[in-house]
Every structure is written in C-alpha cells, then in structure tokens.
Amino acid sequence: MRYYSTNGKAPLATLEKAVVKGLAEDKGLYMPERIKPLPQEFFDNIQDMSLQEIAYQVADCFFGEDVDAESLRKIVYDTLSFDIPLVKVEKVKELKGEKELPIYSLELFHGPTLAFKDVGARFMARLLSYFSPLRGSQKGSVNVLVATSGDTGSAVANGFLGVEGIHVYVLYPKGKVSPIQECQFTTLGQNITAIEVDGVFDDCQALVKNAFMDEELNAKMQLTSANSINVARFLPQSFYYFWAYAQLKKTLSNSPLKGENLGKEASPLRGGLEGSVVCCVPSGNFGNICSALFGKRMGLPISRFIAANNANDIFYNYLQTGHYEPKPSKQTIANAMDVGDPSNFARILDLYGKSHEAICQDISGATYTDQQIAETMKRCLAETGYQLDPHGACGYQALRDGLQEDEVGFFLETAHPAKFKQTVDDICGGDIAIPERLQAFMKGTKQSVSMSKNFSDFKAFLMKQ
C-alpha cells in the first residue's frame, strides 16, 4: 500500500519509507491510500476471537500488502503479550436516583510500562526491526526521535531498548512529567538517550519536527519518529477498540440487564449493539482517537466518539466554532494530555475531507479543569470503588456526562494510577501501591542531557553523535 501526505505535496511513499521517515518531505503526516473494510463475518464472530486474532486481522488490512503473513503475525503476537481487560464501573448515583449505568473502563495499563502507548511502541519497534535487514547499513543506525509529555517516552524507550541498529532520543519537558514517568526512560542507558528540554511538550515536538526538515542533519543521520505522527505508532492503537467491542458484545450477550437499561432498540439480549456503543478517549496529541476513527471506517460498530480534554481545549473549541486555533499548552494534573497543537488533527481533517460538520457527526468534545478532574477521581472512588488516574478521569466524566439512555459506553483508562502516585494520593487521600515493574525503574540512576528549546542547540548535539 502507498501512503500520501496530508499536505498533498510529497510523493507517494511505501510503508517502509513512511515508517522510517516518519514525516513526509512537505511536513505533512502520512495517510494510507485506502482503508480496507473488514467483512461482516468478522464482526459476527468477533466475540469468540482472541485479542491477538482480532489484532492480526486488523493489522493485515493495514500492513498485509507489505509484510509477509508469518512475520506480521509474529509482530502482532509479540506486541500483544499482555491482557487489555474491559472492566465494569459499578453503580453510580444520578439525580434521578440510583441506577446502573452501562459504563466500562478499557484498562490499557497492563503492558510493560503500564500505559496504552505500549501497544503502538512495541509494534513499531518490531516493524522497524523487520525492515532493518532490507535497508542494509546505509547511514548507519536508525535514530528514533520522540517527544513525550509522559507515557510515550517510557513506552518507546522500553519498546526499543536493546534493539540492534536503533538509537532512541527521548525529548521531555523539564519538570513537567511525573517522577515515576521520568524514571521509566531516564534510567535505561544502552541505546536510549533522555534529553531534558527547558520548555513545554510543544517545544519538544517542534524540535523533533524541525530535525526531520533539516537537510544537513538528515544527510548525516537516518532519522525517524516514534510519536503518533508515525503510521506504525498510531495505526496499531486501533487494535484495542475492536477488542473492547468484542468484550462488550460477549459480556452483554449474556447480561441479565433488561432491554430498558439500554433502550429497546439497542437491547443486548437481542444482539443490537450496533448503533448504541459510545467510546470516550482522553485526548492529547489525538493519535489515539484518530486510530479509533480508522477503525470506524473499517466497519467497527461504534456509533460515536467523545474526545475528552483537560484545560488544553483546542479541539473542543474547534468542535464548537469550526475554527482551529493552536495555543501554548497549559500544565495540568493530566500531564500527558498537555498539548496545545495536536499533530494528528491534520489526519482527522484529512479523513473527513476538512468538513467540520462531518467531524461533529462522529465526535463530540468535553473539557475539564484540574479541580473537576480531582473531584471526579474522588467521587468515582467513593461511589464505585474504582481508582481512576487523572487522564482516565477525564474520559470517565465525559462519558458519564454525555451517555444517552439508549447507549452503552466505554472509556480508556490510559495509564496505571500509580504512575501519578503523588497526585492520586493527594487527591484521594490514600497510598496507592506501586507495582513491582514501576519499582524496578525507580531504583535506577537518572541519566539525561539538559537542552534548551532552541533548535540550533539540539542540531549541534545530534551532529556530534
């Protein structure tokens, strides 16, 4: 399959070029020429399939023309070596009285770094390794540049750790990621270099993008990105939306819920999930929800999506006004969503032919302050016993606010609450246990390079490598 640029001025690229280059020559983001729909039989039987089986069939639609079946299956199965459970959030109280809301949490924190980005990062690392023998030794090793506001850095660093022929540079904003997140990519060493930038996430992202556009730098080094601008990072994230639907279908087909709980036309007892499922995605750089929209184009029966923002409400304002106005990012307790100019907005625009009306038909928005996020975390824990992290809290609250009586919904719990231990403990008044995997990172010694937000300094550093 060929890939075109959202800016429309770069030549078509192969999958290999799109993955290795990351960004098109005209600074646009790569998009597949076509999106293959999955057959109805796939959805009829999806509840009886495993996560890996579902993901392989979805991956085959994207990558099957360029990667042989045996290799692609191995990449998928190696990537998804952990569970992604769909968990019911129990009874909550509404103004109308106590009732059971059909709200589920898709827990994406059971991977190696306890964050949703493990899926895309692990897949990309394996796909890049697949292409490595085909590239030979031109320009030496591949240098992966990744900007992070938290979880991307740890997922990418651990996904690529020790991979021969690949060096990773993780750029993160000084003092704006949680201490545990920072430990996950600054203590690794080997082929991972952490760069502490004196700025915000958008400054880190700008450094990465400028590096790709610098001719002198690209003549010296082979560069690629592991942010969600890379097709090998964001497309695999569609896997878990299909898996969520499969679990929902299986759960509700045996549910004792009566038809009126979900609306008579959408009763799960009659197999009528189509048209009633809503998904809420905590959104920062918008790669995650973008992959979900690709899934919908492939036939995934999710009726609509809610993009949940923190105080960085650029996309929310776009939905209300039709005007996209990037702003400097604001620091919040949901730090991984602190993005003032989301890169993947360009992909969403392209996918919908730049139609604001069409986008609004599939996506609604919500935005929450730090105080509202904190209140949601406390209330959810008190009423349901479910511990949210700050990002998942945005998703849960937006779903709770927006779910209709005839709908069932799930939100993405994107990271383990312990990754934000200080914030979670301060808000909820507890002492959340740190999983052993996180404790192991915290025992390491921090290794990082201090960097200004000026591109000339970053370029000079890379030229010396």
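Residues numbered from 1 in each chain as written. Predicted model: local features only at pLDDT ≥ 70, side-chain atom pairs only at ≥ 80, totals over all residues. Heavy atoms only, no water.

1. Side note on the packing of helix 17 (residues 370-384) against helix 19 (residues 421-428)
Threshold: Here, axes are lines fitted to C-alpha atoms. For helices the fit covers the stretch in contact, and angles between N-to-C directions go from 0 to 180 degrees. Working definition: helices are DSSP H or I runs of at least four residues, strands are E runs of at least two. Numbering for both runs from the N terminus. Should an angle fall under 35 degrees it is called roughly parallel, over 145 degrees roughly antiparallel, and 65 to 115 degrees roughly perpendicular, with every other angle called oblique. Two helices cross in a left-handed way if the nearer one is turned anticlockwise from the farther one by less than a right angle. They cross in a right-handed way if the turn is clockwise. Two residues qualify as a contact provided that any one of their heavy atoms is within 4.5 Å of a heavy atom in the partner residue. Ten residues, namely Ala, Val, Leu, Ile, Met, Phe, Trp, Tyr, Cys and Pro, are considered nonpolar, four, namely Asp, Glu, Lys and Arg, are considered charged, and the remaining ones, Gly among them, are considered polar.
One can describe the packing of helix 17 onto helix 19 by two numbers: an axis separation of 9 Å at closest approach and a directional angle of 65 degrees. On the basis of their axis angle, the class for helix 17 and helix 19 is roughly perpendicular. By crossing handedness, the relation of helix 17 to helix 19 is classed as right-handed. Residues Ala374, Met377, Lys378 and Leu381 of helix 17 touch helix 19, and the partners they reach there are Val424, Ile427 and Cys428. Counted by class, the contact of helix 17 with helix 19 contains six nonpolar, no polar and one charged residues.

2. Some points on the pairing of strand 7 (residues 142-147)
Each regular strand carries side chains that alternate between the two faces of the sheet. Under the convention used in this document: Only protein chains enter the accessibility calculation, which uses a 1.4 Å probe; a residue whose area is less than 20% of its type maximum is buried, one above 50% is exposed, and one in between is partly exposed. With the strands pointing away from the viewer, any crossover whose connection runs clockwise from the first strand over the helix to the second is right-handed. A pair of strands is labelled paired if DSSP reports no fewer than 2 bridges between them.
Most of strand 7 sits out of view: six of its six residues are buried. Side-chain alternation along strand 7 places Val142, Val144 and Val146 on one buried face and Asn143, Leu145 and Ala147 on a second face that is also buried. One crossover worth recording links strand 7 to the parallel strand 8 (residues 166-173) by way of helix 6 (residues 151-160), and it is right-handed. Pairing between strand 7 and strand 10 (residues 222-225): four bridges, direction parallel.

3. Regarding the nonpolar core
Short version of the rule: Here the nonpolar core consists of buried residues drawn from Ala, Val, Leu, Ile, Met, Phe, Trp, Tyr and Cys, with membership extended through side-chain atoms lying within 4.5 Å.
Judged by nonpolar contacts, the single largest core of 112 residues is most densely connected at Phe63 and Phe410. Contact partners of Phe410, with chain neighbours within four places excluded, come to Leu86, Tyr104, Leu106, Tyr241, Ala244, Leu248, Val277, Val278, Cys279, Cys280, Ile302 and Leu399.

4. Details of the sheet that holds strand 14 (residues 408-413)
Read from one edge of the open sheet, six strands run 3-6-14-11-12-13, paired in mixed fashion. Strands at the two margins of the open sheet, each flanked by one partner only, are strand 3 (86-88) and strand 13 (363-367). Averaged over neighbouring strand pairs, the angle between their axes works out to 25 degrees when direction is ignored. Here strand 11 (residues 277-282) pairs with strand 12 (residues 304-309) via five bridges, running parallel. Bridge pairing in strand 12 places Cys280 opposite Ile306. In the packing of helix 14 (residues 314-321) onto the sheet, the strands contacted are strand 12 and strand 13, and the crossing angle to strand 13 comes to about 130 degrees.

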